[in-house]
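For reference, the chains in residue letters:
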Amino acid sequence: EEFSTESTLPAWTLDGGTGLSRTYLTSSLTDGFYTLSYTPVEKKIHRLSLDRLVPVTPGTTYAVSAVYLGHNGSAETTPITYRSLMDWYASTGTLLLADSPDGFYSANVAANTINGSTSSETRTAPEGAAFARVVIELDHTYSLCDLYYVDNVALVEAEAEYLLES
């Protein structure tokens with residue numbers, strides 16, 4: 001609920017688009033009636049960052065997840081390409097460790113429709129981390145989407161999705 005757009009638009013910073021707003025939209029993927037939306041203005045990776053830092057505990061695994069939707073007003077199918085990540089901050093509020101995110105995920109958006117998918121990533125808070133910043137990235141480099149929606153953003157304690165061993 002803390003990131004919900006149902007009653008208000010939480011403070012987000014958008015790099016690469018305009019018109020960040022709370023928009024009426026219902027779908028089988030969204031959690032209510034309102035979602036975060038914006039219009040892309042540049043062919044690049046757009047980064048949405050939650051303005052506030054969320055308290056975390058070092059050594060605890062967290063999942064950041066969201067629903068990603070794109071509106072395609074063109075006459076051809078186009079991809080929506082997205083990922084979620086988290087950056088870690090010290091108790092002083094300074095950046096401790098920037099996420100090394102997984103690759104982008106994608107879904108196809110047919111002509112004149114809205115479509116998308118959900119995605120989540122898990123990370124373990126590093127030693128010295130007191131806060132995390134939720135970050136959403138949408139790659140608009142090759143997409144024909146003229147409007148993006150992000151909903152159901154969550155940062156919760158979780159089990160690791162996989163373990164890397166050397």
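Note that the coordinates shown come from a computational prediction; the quantities given were computed from them, not determined experimentally.

1. Quick look at the packing of aromatic side chains
Applying the stated criterion to the full structure yields four aromatic pairs. A centroid spacing of 6.3 Å and a plane angle of 50° characterise the contact between Tyr 62 and Trp 88, whose relative ring orientation is tilted. Of this pair, Tyr 62 sits in strand S6 (residues 61-72) while Trp 88 sits in strand S7 (residues 78-89); the two residues are 26 residues apart in sequence, bridging distant segments of the chain. With respect to burial, Tyr 62 and Trp 88 carry one shared label: buried. Between Tyr 68 and Tyr 82 the ring centres are 4.5 Å apart and the planes differ by 15°, which places this aromatic pair in the stacked class. In this pair, Tyr 68 sits in strand S6 while Tyr 82 sits in strand S7, placing the two residues 14 residues apart along the sequence. When sorted by exposure, Tyr 68 lands in the same class as Tyr 82, which is buried. One aromatic cluster in this structure is built from Tyr 68, Tyr 82 and Tyr 105. Directly above the ring of Phe 104 sits Arg 83, whose terminal nitrogen or CZ lies 3.8 Å from the centroid.

2. Re the side chain of Arg 83
Along the chain, Arg 83 turns up in strand S7. Reaching out from Arg 83, the side chain makes a polar contact with the backbone oxygen of Asp 102 at a distance of 2.9 Å. Apart from residues no more than four positions distant in its own chain, Arg 83 is found in contact with Tyr 68, Pro 101, Asp 102, Gly 103, Phe 104, Val 135, Ile 136 and Glu 137.

3. So, unusual backbone geometry
Here Asn 112, not a glycine, exhibits a phi torsion of approximately 55°, which is positive. Residue placement: Asn 112 occurs in the loop between strand S9 (105-109) and strand S10 (113-124).

4. Some thoughts on the pairing of S6
Among the twelve residues in S6, ten count as buried, and that is most of the element. Looking at chain direction, S6 and S10 are connected through twelve bridges and run antiparallel. Note on S10: the bridge partner recorded for Tyr 68 is Ser 117. Note that S6 and strand S12 (residues 147-157) share nine bridges and pair antiparallel. By the bridge assignment, Gly 70 is partnered in S12 with Tyr 148.

What counts, and where the lines are drawn
Residues numbered from 1 in each chain as written. Predicted model: local features only at pLDDT ≥ 70, side-chain atom pairs only at ≥ 80, totals over all residues. Heavy atoms only, no water. Phe/Tyr/Trp six-rings, centres within 6.5 Å; stacked < 30°, edge-to-face > 60°. Helix = DSSP H or I, 4+ residues; strand = E, 2+ residues; numbered from the N terminus. Buried < 20%, exposed > 50% of the residue type's maximum accessible area, 1.4 Å probe, protein only. Lys NZ or Arg CZ within 6 Å of the ring centre and 35° of its normal. Polar contact = N/O pair within 3.5 Å; in protein donor to acceptor, adjacent residues only side chain to side chain. Contact = heavy atoms within 4.5 Å. Pairing = 2+ DSSP bridges.

No statement about biological role is implied by the geometric values presented.
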